[in-house]
Amino acid sequence: MTATQAWTERYAGALMNTFGPPKLVLTRGDGAHVWDADGREYVDLLGGIAVNALGHNHPRLTKAVTEQLQTLGHISNFFASEPQIELAERLVSLLGTEAHVFFTNSGAEANEAAFKLTRRTGRTKVVVTEGGFHGRTMGALALTSKLAYREPFEPLPGDVVFVPYGDIAALDAAVDERTAAVLVEPVQGEAGVVAPPTDYLPAAQRIAHEHGALLWLDEVQTGVGRTGAWFAHQHPDLVSGPVTPDIVTLAKGLAGGIPIGACIATGGSGKLFDPGNHGTTFGGNPVAAAAALAVLDTITADGLLDHVTRLGSRIRDGLAADRRVTEVRGAGLLIGLDLAEAKAADVVAAAQDAGYIVNAPTPDRIRLAPPLVLTDSDVDGFLAAWPAILDAAGVGVSTGSTTEGDA
Ligand SMILES: *Cc1c(COP(=O)(O)O)cnc(C)c1O
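Scoring rules and cut-offs
Residues numbered from 1 in each chain as written. Predicted model: local features only at pLDDT ≥ 70, side-chain atom pairs only at ≥ 80, totals over all residues. Heavy atoms only, no water. UniProt positions renumbered as here; feature names shortened; annotations may be inferred. Helix = DSSP H or I, 4+ residues; strand = E, 2+ residues; numbered from the N terminus. Buried < 20%, exposed > 50% of the residue type's maximum accessible area, 1.4 Å probe, protein only. Contact = heavy atoms within 4.5 Å. Domains from an automatic or database assignment. Salt bridge = Lys/Arg side-chain N within 4 Å of Asp/Glu carboxyl O. Polar contact = N/O pair within 3.5 Å; in protein donor to acceptor, adjacent residues only side chain to side chain. Near = heavy atom within 4 Å. Areas by Shrake-Rupley, 256 points an atom, 1.4 Å probe, with all protein chains shown as cover. Nonpolar A, V, L, I, M, F, W, Y, C, P; charged D, E, K, R; others polar. Axes fitted to C-alpha atoms, helices over the stretch in contact; angles between N-to-C directions. Parallel < 35°, antiparallel > 145°, perpendicular 65-115°, else oblique. Left-handed = near helix turned anticlockwise from the far one by under 90°.

S.K.: Looking at this model, I keep getting lost on the UniProt feature "modified residue: N6-(pyridoxal phosphate)lysine" (unreviewed entry) in the protein chain. Mind explaining?
M.R.: The UniProt feature table records "modified residue: N6-(pyridoxal phosphate)lysine" (unreviewed entry) at Lys-252. On the secondary structure map, Lys-252 appears in the loop between β9 (247-250) and β10 (261-266). Of the residues examined, Lys-252 reaches a relative accessible area of 21% and is grouped as partly exposed. With near-sequence residues (within four places) excluded, Lys-252 lies in contact with Ile-49, Ala-50, Val-51, Glu-190, Val-220, Gln-221 and Ile-260.

Take a look at the structure:
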């Protein structure tokens with residue numbers, strides 16, 4: 001029995017079976033590389049699902065977390081800490097408009113906070129998009145469209161209306177004077193990296209505001225440099241004009257792997273909660289805030305937004321060169337591709353055998369969300385290995401036409 005097999009057995013004996021059997025048991029990481037319990041090395045092109053922005057074992061993140069823990073590790077929200085205040089100020093300045101922040105520990109919790117915030121408008125209806133994913137807690141699940149996730153847990157909080165993603169006319173028809181908020185991902189991550197037409201977010205803003213509703217953008221997956229812009233709604237390839245959301249939710253990459261989330265609301269929306277309306281024990285924890293500040297500092301100091309943009313287009317061009325890939329989408333290092341055949345699970349397995357971690361969000365789509373510190377040599381290796389990975393997975397050539405990505 002290998003070490004991996006032994007750990008996998010113990011996993012099944014002790015952990016709830018919510019994720020199925022683990023694909024690997026990982027023991028350490030460095031940069032964009034990880035090692036399993038049997039000492040095999042992999043290039044991590046998933047990055048903890050868009051979380052490990054600085055990769056693994058980044059010295060600046062380690063230093064920030066260690067020094068903060070040695071200084072002040074946790075306090076209750078009866079008190080304030082310097083990292084929490086600094087991080088809120090930094091996020092507001094990146095957003096570029098007056099705003100207030102509520103910190104949480106995850107993306108679902110950031111969305112729960114935002115969901116509750118929208119109720120403070122005095123309205124209850126929320127318009128959301130098909131294919132959208134917003135988390136697994138009861139409120140976030142109510143906003144998530146996937147039937148398989150929702151059905152076992154109904155009834156969920158109500159007054160949620162679904163419209164097709166990217167369809168401006170459908171949004172126009174659904175939003176009315178009862179609508180508290182329109183909730184949209186700038187790019188749908190869990191759906192397989194799907195971007196709407198570039199005029200969708202500006203139109204969503206106009207439609208929401210015409211009816212006195214809030215525009216709420218879920219940037220849990222797309223935010224904090226992932227697409228090559230600080231926020232996807234600021235990315236010139238993704239939006240045709242300026243977008244000023246009323247609410248932005250963040251999590252995943254924000255603290256590079258230390259649990260954190262943020263619900264940011266601009267203007268008057270940032271003042272909708274009164275004392276006692278919402279709370280959390282860990283949210284805004286000094287260690288998590290210090291980690292997030294280290295991530296933001298490193299993205300700036302190391303020019304990672306440009307790096308992400310350059311590497312992302314290299315990867316997309318390389319992947320699109322194979323005719324068994326029918327479409328490549330995304331921006332920066334959030335990349336989705338369609339396979340000519342629904343063999344995404346086989347591709348994940350073949351990639352793993354070849355030493356690469358990739359993800360299959362749907363049966364015919366592959367998603368990559370590697371660390372923002374991925375190197376050119378990691379990309380060279382992956383693109384060189386890619387055709388053989390498709391061979392090993394038995395993916396055939398498409399009979400249809402090959403199309404380029406939209407961003
Ligand atoms: C991952 C994700 C969430 C949920 O975040 P958790 O930290 O898993 O609760 C919400 N929205 C989007 C867009 C996500 O990608």
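So much for the structure itself; the text now carries on.
S.K.: Would you mind going over the domain arrangement of the protein chain with me for this structure?
M.R.: How big an interface is tends to be expressed through the accessible area that disappears when the partners come together. In terms of domain boundaries, the protein chain breaks down into domain 1 (3-57 + 303-404) and domain 2 (72-301). Each of domain 1 and domain 2 has a C-alpha centre, and these two points are 26 Å apart. The partner domain 2 presents 28 residues to the 26 residues of domain 1 that form the contact. In this assembly, domain 1 and domain 2 are joined by one salt bridge. Residue Arg-367 is joined to Glu-190 by a salt bridge in which the shortest nitrogen-to-oxygen separation is 2.7 Å. Put simply, domain 1 and domain 2 have 13 residue pairs in polar contact (both at pLDDT 80 or more) between them. Here the side of domain 1 that touches domain 2 gets four residues from one element, more than from any other, and that element is helix α11 (residues 304-320).

S.K.: Would you explain unusual backbone geometry in this entry?
M.R.: Trans peptide bonds make up the majority, and among non-glycine residues the majority have a negative phi. A cis amide bond, omega 5 degrees, links Glu-154 with the succeeding residue Pro-155. Relative to the helices and strands, Pro-155 is located in the loop between α7 (147-150) and β6 (160-163). With phi around 60 degrees, Ala-50 is a residue other than glycine that occupies positive phi space. Ala-50 gets classed as buried once you look at its relative accessible area, which sits at 3%.

S.K.: Would you mind showing me how to read the site of the ligand here?
M.R.: Every residue near the ligand is listed here: Ser-106, Gly-107, Ala-108, Asn-111, Phe-133, His-134, Gly-135, Glu-185, Asp-218, Val-220, Gln-221 and Lys-252. In this structure, Lys-252 approaches the ligand through a side-chain N or O atom, which is 2.7 Å from an oxygen atom. Across the complex, the protein chains shield 81% of the 380 Å² of accessible surface that the ligand would expose by itself. Counting residues per element, the shell around the ligand draws most heavily on helix α5 (residues 107-119), at three residues. The class makeup of the residues in the shell around the ligand is three nonpolar, six polar and three charged.

S.K.: Is there a simple way to explain the packing of helix α12 (residues 344-353) against helix α13 (residues 376-393) in this structure?
M.R.: Packed helices, taken two at a time, are described by the angle their axes make and the gap between the axes. The geometry of α12 relative to α13 is characterised by a closest axis approach of 8 Å and an angle of 125 degrees between their N-to-C directions. Between α12 and α13, the angle is such that the two are oblique. The interaxial crossing formed by α12 with α13 has right-handed handedness. Contacts from Asp-346, Val-347, Ala-350 and Ala-351 in α12 reach Trp-386, Ile-389, Leu-390, Ala-392 and Ala-393 in α13.

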